[in-house]
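Read off the chains here:
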Amino acid sequence: MCGRFTMTTNPEALEERFHAHLSTELVVPTYNAAPSQAQLTILNDHPETIIRAAWGFVPEWADGRPDVKPLINARGETVATKPFFRDAFKKKRCLVLADGFYEWKRTGKSKVPYRIALKTEEPFAFAGIWSMVHDAQGEVHPIFALLTTEANTLVSQIHTRMPVILKEQDEADWLNPSLALDAAQTLLVPFPADRLMMYEVSPKVNSSTFNVPEALQPVA
């Protein structure tokens, strides 16, 4: 499961990295992104534009149903077959932009938070799926879930699962609606451990209100 991540890269670097336009009014760095919040995404129906979508997915057939709760993650191993996710996996894949994510290691009765990021500290994209739903005011807006896979050898030191980080050369394929579904499934694998770094951070990140630059700092 992935329940928090970071996105602090400047807009010019994001536009260059993802070859997509980012409106300046959308540029708000987040040091502790949490479910239900709107985050930067690239949807496969407009791959040239970076937009904001809310984190928490329900399928479009469940739009407006109070008995269906949003899910923030979908397992990559079953996303193609679970009725809740399979239509979005076929037709509505997205990139969720980030430059790190948090995971917690259980130690006795407590959990210790860690941040995982590329060693280069560059931005990257999680594999996601999306849909469109109506809000309480009747407005239509996009929502998403992150896909997860088994942890690589680095992340497995603290947790059994990790979000799918796409390799840069695979991002266009993930967004391609013509990509065969079995080929899309092959992209949902653990990111190479030797390209990542991991370090302990303050337990203050346990609260999503701790959304400040200090959240990124390693524990001394």
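Here, the structure is the one placed above.
Here goes a summary of the coordinates provided. (Residues numbered from 1 in each chain as written. Predicted model: local features only at pLDDT ≥ 70, side-chain atom pairs only at ≥ 80, totals over all residues. Heavy atoms only, no water.)

A few points about the overall build of the protein
Assigned secondary structure in the protein consists of 4 helices and 14 strands. Expected size for 220 residues packed as a compact globule is a radius of gyration near 17 Å; at 17 Å, the protein falls within 12% of this value. Counting only residues that meet the buried cut, the protein has 50% of its 220 residues in that class. Carbon together with sulfur atoms contributes 54% to the accessible area of the protein, which is approximately 10,700 Å² in total. Here the protein holds 22 positive side-chain charges and 26 negative ones, and the gap between their average locations is 11 Å. (Helix = DSSP H or I, 4+ residues; strand = E, 2+ residues; numbered from the N terminus. Rg over C-alpha atoms; globule rule 2.2 N^0.38 Å. Buried < 20%, exposed > 50% of the residue type's maximum accessible area, 1.4 Å probe, protein only. Areas by Shrake-Rupley, 256 points an atom, 1.4 Å probe, with all protein chains shown as cover. Lys, Arg positive; Asp, Glu negative; His and termini not counted. Charge placed at Lys NZ, Arg CZ, Asp CG, Glu CD.)

Some thoughts on unusual backbone geometry
With a phi angle near 85°, Ser36 is a residue other than glycine that sits in the positive phi range. Topologically, Ser36 is positioned in the loop between β3 (30-33) and β4 (38-43). The phi torsion at Glu121 lies on the positive side, around 65°, for a residue other than glycine. Among the secondary structure elements, Glu121 is positioned in the loop between β9 (110-118) and β10 (124-134). Glu121 sits in the exposed class, given a relative accessible area of 58%.

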